[in-house]
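# Chains, contacts and geometry: an overview
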Amino acid sequence: QLQAFGGGLVQAGGSLRLSCAASGNILRINAMGWYRQAPGKQRELVADITSSGYTTYADSVKGRFTISRDDAKNTVYLRMNSLKPDDTAVYHCNAEIVDNDSEIEYDYWGQGTKVTVSS
């Protein structure tokens, strides 16, 4: 399972760091990522990172957000700087986790953490 932390209320221009930790019978974790869903909008990819460290970002967050991972802790992070009111959304983490017993990859989602940026 995945558990996300770090959301909250912040003023425009501020920063937050989100964390998402995976637990369970894990052999390895392939790609990990963050998505967000604002009220009335579809869920969108914010950033993702492969097991080799290759990253992808949405154009709207490039230069402001940084995704990273700590495989020893089975955790993915999202550092968000220069936050804007348009960044207000529920942020969900996602991970492709390979089960230690079956060696089958499953796609997991965290419960979401709310980020609110005030103007």
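Overview of the structure. (Residues numbered from 1 in each chain as written. Predicted model: local features only at pLDDT ≥ 70, side-chain atom pairs only at ≥ 80, totals over all residues. Heavy atoms only, no water.)

### Here's the deal with the overall build of the protein chain
- What the protein chain contains, in helices and strands, is 0 helices and 11 strands.
- Each helix (α) and strand (β) of the protein chain, taken in turn from the N terminus, gives the series β-β-β-β-β-β-β-β-β-β-β.
- What you see for the protein chain is a C-alpha radius of gyration of 14 Å, in line with the 14 Å of a compact globule of 119 residues.
- For the protein chain, the spread of C-alpha atoms along the three principal axes comes to 50 × 25 × 25 Å.
- Restricting to contacts in the protein chain with at least 6 residues of sequence separation, those with at least 24 account for 56%.
- When the accessible surface of the protein chain is totalled, it reaches about 6500 Å², and 45% of it is carbon and sulfur.
- Side chains of the protein chain carry 12 positive and 13 negative charges; the gap between the two charge centres is 11 Å. (Helix = DSSP H or I, 4+ residues; strand = E, 2+ residues; numbered from the N terminus. Rg over C-alpha atoms; globule rule 2.2 N^0.38 Å. Contact = heavy atoms within 4.5 Å. Areas by Shrake-Rupley, 256 points an atom, 1.4 Å probe, with all protein chains shown as cover. Lys, Arg positive; Asp, Glu negative; His and termini not counted. Charge placed at Lys NZ, Arg CZ, Asp CG, Glu CD.)

### What to know about the packing of aromatic side chains
- Tallied over the full model, the rule gives 2 aromatic pairs.
- Over the ring of Trp-109 we find Arg-43; its NZ or CZ atom is 4.6 Å from the centre of that ring. (Phe/Tyr/Trp six-rings, centres within 6.5 Å; stacked < 30°, edge-to-face > 60°. Lys NZ or Arg CZ within 6 Å of the ring centre and 35° of its normal.)

### Structural notes on the nonpolar core
- Trp-34, Val-46, Phe-65, Leu-78, Met-80 and Tyr-91 are the most contacted members of the largest nonpolar core, which has 30 residues in total.
- Dropping the residues within four chain positions of it, Val-46 is found in contact with Trp-34, Tyr-35, Arg-36, Thr-56, Tyr-57, Ala-58, Val-61, Phe-65, Leu-78 and Tyr-91. (Core = buried A, V, L, I, M, F, W, Y, C linked by side-chain atoms within 4.5 Å. Buried < 20%, exposed > 50% of the residue type's maximum accessible area, 1.4 Å probe, protein only.)

### Observations concerning the environment of Ile-104
- Examined against the element boundaries, Ile-104 turns out to sit in the loop between strand 9 (89–99) and strand 10 (105–109).
- In sequence terms Ile-104 and Asn-74 are 30 residues apart; their C-alpha atoms lie 17 Å from each other.
- Setting aside its immediate chain neighbours within four residues, Ile-104 contacts Ile-97, Val-98 and Asp-99.

### Quick word on the sheet that holds strand 7 (residues 65–70)
- Taken in spatial order, the 4 strands make up an open sheet running 1-3-8-7, and their pairing is antiparallel. Strand pairing shows two members of the sheet lacking a second neighbour, strand 1 (2–5) and strand 7, which therefore form its edges. Strand-to-strand twist in this sheet, taken as the mean axis angle between neighbours without regard to direction, amounts to 15 degrees. (Pairing = 2+ DSSP bridges. Axes fitted to C-alpha atoms, helices over the stretch in contact; angles between N-to-C directions.)

### Focus on the side chain of Arg-64
- Structurally, Arg-64 can be placed in the loop between strand 6 (55–57) and strand 7.
- A distance of 2.9 Å separates a polar side-chain atom of Arg-64 from the backbone oxygen of Ser-82.
- Ignoring anything within four residues of it in the chain, the contact list for Arg-64 reads Arg-79, Met-80, Asn-81, Ser-82, Leu-83, Lys-84 and Asp-87. (Polar contact = N/O pair within 3.5 Å; in protein donor to acceptor, adjacent residues only side chain to side chain.)

The analysis is restricted to geometry; functional conclusions fall outside its scope.
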